[in-house]
Amino acid sequence: MRDEIKPEEILDILKNKISGFEPKTKEAEIGRVIQAGDGIAQAWGLDSIMAGELVEIEADNSKIINGMVMNLEEETVGIILFSDYELVKEGCLVRRTNKVAQVPVGEALLGRVVNPLGQPIDGHGAIASCEHRRVETKGPGIIERQNVGEPLQTGIKAIDAMIPIGRGQRELIIGDRRTGKTTIAIDTIINQKKTQEQDPIYCFYVAIGQKRSSAVQLVETLKKQGVMSYTTVVAATASEPAALQYLAPYAATAMAEYFRDNGKHALVIFDDLTKHSQAYRELSLLMRRSPGREAYPGDVFYLHSRLLERAAKMSKEQGGGSLTALPIVETQDGDVSAYIPTNVISITDGQIFLESDLFNSGLRPAINVGISVSRVGGDAQIKAMKQTASSLRIELAQFRELAAFMQFSSDLDQATKKQLDRGERLTEILKQHQYAPIDVFKQIIILFAGISGRLDKYPTSKLLVYEKELFEFLDRESQGFMNKFKATKSITDEIKGELTIILDSFEESFHPDTLQEGADSGFSAKMALAYSQRSSHIHKDMFKLVEKITVHELKSPGFEKEVEEIISGNDMYERDRLDILIAESTIIDYEESDQMTDLFKKASQIMEKGQSDLTAESIYKNLIKREESSSTALSPFFAIPHFVEEGKDKFQLVIVRSRKGIYFTEQAQKVHAIFFLSGTLDQRHFHLVVLSSLAKIVQQPTFVDDWLKAKDTNGLKRILGSIKKQVS
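Residues numbered from 1 in each chain as written. Predicted model: local features only at pLDDT ≥ 70, side-chain atom pairs only at ≥ 80, totals over all residues. Heavy atoms only, no water.

### Considerations on the side chain of Arg 96
Selection criterion: Each helix is a run of DSSP H or I of at least 4 residues and each strand a run of E of at least 2, with the numbering of both proceeding from the N terminus. Polar contact criterion, stated in full: a pair of N or O atoms within 3.5 Å, where within protein one must be able to donate a hydrogen and the other to accept it, and residues adjacent in sequence count only if both atoms are side-chain atoms.
For Arg 96, the location among the structural elements is in strand β6 (residues 93-100). A polar contact is formed between the side chain of Arg 96 and the backbone oxygen of Ser 48, at a distance of 3.3 Å. A polar contact of 3.0 Å, which involves the side chain of Arg 96, links it to the side chain of Glu 53.

See the structure below:
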């Protein structure tokens with residue numbers, strides 16, 4: 001018998017015993033949090049866990065906190081937390097779920113607002129979806145794809161004509177803050193309403209790092225436009241953890257891929273990837289990943305490339321579905337050469353660049369066509385648009401270059417002047433109102449009129465009126481031609497001949513000289529720019545009011561300074577005069593009709609009594625003429641119909657309350673407070689004082705409720721007087 005036992009022998013015995021050991025129970029692997037804070041946790045004991053796997057962390061109060069594995073290290077794993085991360089402390093239990101991050105998919109998500117985990121946050125109950133998809137998947141391979149050749153119409157003339165987007169394309173929208181990037185995305189969603197019956201496109205909007213109020217406002221806009229039925233909003237606002245902001249675009253893409261892989265079409269909008277990058281940088285730095293340029297980790301390019309590669313037009317063998325991606329990137333001072341913009345530009349198939357200077361000058365959408373490009377090009381256009389707009393980009397580029405050069409020269413030959421005039425008109429007809437996408441065939445017709453020189457004979461300020469009335473004429477008089485044009489989708493000799501006859505017929509009835517002038521767009525835009533840094537809503541409404549006054553007033557010398565003085569409210573004499581005007585005004589409750597014309601006739605009869613040289617009929621015509629120029633309903637609650645007479649010295653105010661509401665426009669169907677104002681050119685200053693004061697009064701939070709609840713007209717007059725004292 002040996003007196004000593006060698007350690008090697010003991011080690012061999014233990015190894016043999018351990019090698020044959022199998023646990024009797026199949027418990028899930030459990031670990032412990034060893035470090036937590038700032039939305040991340042480090043856990044020990046999860047040796048077999050997968051990257052991207054969901055975990056459950058049991059907090060002190062037995063509340064379960066969800067997270068996802070982001071880092072796999074030698075002895076620990078890094079976990080990003082989705083909610084209530086302040087409850088996670090050292091020592092908390094961490095359980096595996098054996099599930100990689102996934103979200104519900106399917107048509108049940110349409111019309112809903114969800115978070116990046118697919119959980120509803122709109123208060124409309126649970127989502128009945130039985131299918132789930134992984135948040136992170138590989139994009140389709142080359143064999144599974146086909147070339148992008150089917151247009152995705154945005155309804156925006158400048159884009160559909162010069163920077164076309166195809167189904168399956170990745171087109172970047174890039175520009176500084178407040179240049180209209182989100183508006184382009186929303187207009188694109190609204191324009192898909194036309195396709196829903198025959199060839200639907202299902203839309204997904206991802207709000208990343210926005211204010212919660214902005215996200216709510218956007219959802220309300222989509223509801224108001226009637227497009228939520230085919231839209232899903234995935235919201236990870238600024239108040240959410242960085243982990244959810246990081247996950248949001250991948251979750252929305254997984255939801256959109258359901259439609260792509262079932263032979264349907266989807267559109268996903270990432271608003272915006274700059275904030276997404278910042279959220280990822282925050283997580284990476286907390287995970288102690290090595291920072292690189294601008295403190296971003298080295299894989300920030302891969303972050304977006306693996307996301308955007310999932311956008312594709314699938315081959316016929318794969319069902320022919322498509323997923324189109326419109327990523328949005330915010331720049332600072334127009335710097336497109338910054339790190340994140342250059343990364344995303346190199347991944348996408350083109351970019352739409354929005355410029356602050358163009359936006360502030362009144363050109364909206366503010367697209368710089370010089371550096372905006374679509375690498376799909378004409379393949380994403382119908383034939384008729386290619387035939388019409390092929391020369392548009394070149395003509396605009398030549399115009400802008402020539403205009404920049406000619407500012408140093410006073411002598412212009414006839415050919416140069418003609419080219420400049422044509423460029424101004426083409427630029428004007430590319431302007432477009434917010435949330436008003438235009439059918440592509442109507443776009444083609446107005447562009448045809450501009451490029452062919454038909455608009456050269458009209459003043460530039462009348463071209464948007466020309467467009468509006470032309471579209472109304474087409475809807476009213478040319479339905480047969482429009483149906484034929486849509487079926488043909490190209491400008492044949494026959495179509496061109498019929499279109500020429502229609503334009504000739506329309507122009508016979510179009511008389512721009514008889515139209516009432518609106519505000520000069522260039523001048524008012526410069527004024528708006530001067531006040532753009534101010535936060536008060538009163539100034540914005542002031543400009544809306546000012547833009548209703550005649551062009552002669554806006555062009556007067558010193559007008560901008562005058563408006564400044566009026567807004568500051570330092571003119572005591574005019575304020576006293578306004579008190580007298582309100583005290584002497586006629587106030588009525590009107591419930592006879594909800595039609596604007598009936599109300600105008602009633603108001604004209606009242607205003608006639610205060611005028612020695614104007615009849616009720618002429619007052620009514622003045623009011624209607626002003627309304628035809630542009631609606632005076634400045635909100636769904638408040639309107640100020642007014643007119644200016646030359647050489648008349650009477651000034652009066654008639655105020656109407658309608659509990660039933662008066663229909664002005666689609667945007668203002670129930671206006672309850674209507675202020676009828678008549679003034680004179682020689683009293684313009686006081687006219688503006690009244691407009692400014694009314695704008696301040698109706699902005700007060702108590703105005704709406706007090707106005708509707710007042711017992712009688714004396715009560716209404718007291719409300720106006722008391723609010724005016726508050727804002728003076």
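### Some points on the sheet that holds strand β3 (residues 53-58)
Strand pairs in the sheet, formed through backbone hydrogen bonds, run parallel or antiparallel to each other. Basically, it comes down to this: Here the rule is simple: two strands pair whenever DSSP picks up at least two bridges between them. Where helices are involved, their axes are fitted lines through C-alpha atoms of the stretch in contact, as for all axes, and angles between N-to-C directions lie from 0 to 180°. Here a residue-residue contact requires only that any non-hydrogen atoms of the pair lie within 4.5 Å.
A barrel is described by the order of its strands in space; here six strands give the closed sequence β1-β2-β5-β4-β3-β6, paired in antiparallel fashion. Put simply, the sheet's adjacent strands are angled 45° from each other on average, direction ignored. Both β3 and strand β4 (residues 64-72) contribute to a ladder of five bridges, which runs antiparallel. Bridging from a neighbouring strand, Glu 58 pairs with Ile 64 of β4. Packed on one face of the sheet, helix α6 (residues 273-286) meets β2 (40-44), β4 and β5 (76-81) and runs near 80° to β4.

### Re unusual backbone geometry
Peptide bonds are trans in most cases, and residues, glycine excluded, mostly fall at negative phi. Selection rule: Here the term buried applies to any residue with accessible area under 20% of the maximum for its type, exposed to any over 50%, and partly exposed to those in between, with areas from a 1.4 Å probe on protein chains only.
Across the junction of Asp 271 and Asp 272, the peptide omega takes the value -5°, indicating a cis bond. Positionally, Asp 272 belongs in the loop between β13 (265-271) and α6. You will see that Asp 333, though not glycine, has its phi angle at about 55°, which is positive. Tracing the chain through its elements places Asp 333 in the loop between β15 (322-330) and α8 (339-347). With relative accessibility at 75%, the residue Asp 333 sits in the exposed group. Phi angles above zero are rare outside glycine, and Tyr 435 is one such case at about 55°. Looking at where Tyr 435 falls in the secondary structure, it is placed in the loop between α12 (414-429) and α13 (440-451).

### Some words on the confidence of the model for the chain
The following threshold applies: Each residue carries a pLDDT value, the predictor's own confidence for that position, ranging from 0 to 100.
Taken as a whole, the chain shows an average pLDDT of 84; of its residues, 85% reach a score of 70 or greater. This stretch, residues 514-545, has a pLDDT under 50; its non-local contacts, to residues over four places away or in other chains, come to 57 contacts. The low-confidence segment residues 547-557, where pLDDT is below 50, has 30 contacts with residues more than four positions distant or belonging to other chains.

### As for the packing of helix α5 (residues 242-260) against α6
So the rule is basically this: These descriptions rest on fixed angle ranges, namely under 35 degrees for roughly parallel, over 145 for roughly antiparallel, 65 to 115 for roughly perpendicular, and the rest for oblique. It is the rotation of the near helix from the far one that decides the hand of a crossing: anticlockwise by less than a right angle makes it left-handed, clockwise makes it right-handed. Each residue is assigned to one class: nonpolar for Ala, Val, Leu, Ile, Met, Phe, Trp, Tyr, Cys and Pro, charged for Asp, Glu, Lys and Arg, and polar for all the others, Gly among them.
Contact geometry of α5 with α6 gives a least axis separation of 8 Å together with a crossing angle of 130°. With respect to α6, the axis of α5 lies oblique. Like other packed secondary-structure pairs, α5 and α6 cross with a definite hand, here left-handed. Where α5 approaches α6, its residues Ala 242, Ala 243, Gln 245, Tyr 246, Pro 249 and Tyr 250 are matched on the opposing element by Lys 275, His 276, Ala 279, Tyr 280, Glu 282 and Leu 283. Partitioning the contact of α5 with α6 into residue classes produces eight nonpolar, two polar and two charged.

### What to know about the packing of α13 against helix α15 (residues 479-488)
When two helices pack together, their arrangement is given by the angle between the helix axes and the distance between those axes. Look at α13 against α15: their axes get within 10 Å of each other, and the N-to-C directions meet at 100°. Taken together, the axis directions place α13 and α15 in an arrangement best described as roughly perpendicular. When α13 is examined against α15, the residues Phe 441, Lys 442, Ile 444 and Ile 445 are found in contact with a partner set consisting of Phe 481, Met 482, Phe 485 and Lys 486. Residue composition of the contact of α13 with α15, grouped by class: six nonpolar, no polar and two charged.

### Observations regarding the nonpolar core
Rules: Nonpolar cores were defined as sets of buried Ala, Val, Leu, Ile, Met, Phe, Trp, Tyr and Cys residues, with membership established by side-chain atoms within 4.5 Å.
Formed by 128 residues in total, the largest nonpolar core has its most connected members in Ile 80, Leu 392 and Tyr 466. Per element, the largest residue contribution to this core is 14 residues, and it comes from α5. Excluding residues that lie within four positions of it along the chain, Ile 80 makes contacts with Gly 39, Ile 40, Gly 67, Met 68, Met 70, Ala 243, Tyr 246, Leu 283 and Met 287. Phe 637, Leu 677, Leu 691 and Ala 710 belong to the second largest nonpolar core, which has 28 residues in total.

### Looking at α6
What counts, and what does not: A helix is expected to reach a length of 1.5 Å times the quantity of its residues less one.
Here α6 contains 14 residues, and its C-alpha end-to-end distance of 20 Å stays within 8% of the 20 Å for a straight helix at 1.5 Å per residue. Within the span of α6, buried status applies to Leu 273, Thr 274, His 276, Ser 277, Ala 279, Tyr 280, Leu 283 and Ser 284. The N-terminus of α6 is capped by Asp 272, whose side-chain oxygen sits 2.9 Å from the backbone nitrogen of Thr 274. The first or second residue beyond α6 is Arg 288, which carries a positive phi of 65°.

### A short note on helix α14 (residues 463-477)
To be explicit about the condition: When we speak of the arc, we mean the arc of directions from the helix axis to the C-beta atoms.
Taking 1.5 Å per residue, 15 residues should reach 21 Å; α14 reaches 20 Å between its end C-alpha atoms and fits that length. Buried within α14 are the following residues: Leu 463, Tyr 466, Glu 467, Leu 470, Phe 471, Phe 473 and Leu 474. Projected down its long axis, α14 shows its buried positions confined to an angular sector of 160°, all on one face. Packing partners of the buried residues in α14 comprise α2 (157-162), α12, α13, α15 and α16 (493-509).

### Things to note about the side chain of Asn 115
Considering the arrangement of structural elements, one finds Asn 115 in the loop between β8 (113-114) and β9 (131-134). A residue is classified by how much of its surface remains accessible, and Asn 115, at 12% relative accessible area, is buried. Separated by 2.9 Å, the side chain of Asn 115 and the backbone nitrogen of Leu 117 make a polar contact. Not counting chain neighbours up to four residues away, the residues in contact with Asn 115 comprise Ile 121, Val 234 and Ala 235.

### Things to note about the pairing of strand β10 (residues 172-175)
Burial along β10 is two-sided: Leu 172 and Ile 174 facing one way and Ile 173 and Gly 175 facing the other are all buried. With four bridges connecting them, β10 and strand β16 (residues 350-354) associate as parallel partners. Residue Ile 173 lies in a different strand from β16, and its bridge partner there is Ile 352. The sheet contact formed by β10 and β15 spans three bridges and is parallel. Bridging across to β15, Ile 173 finds its partner in Ile 328.

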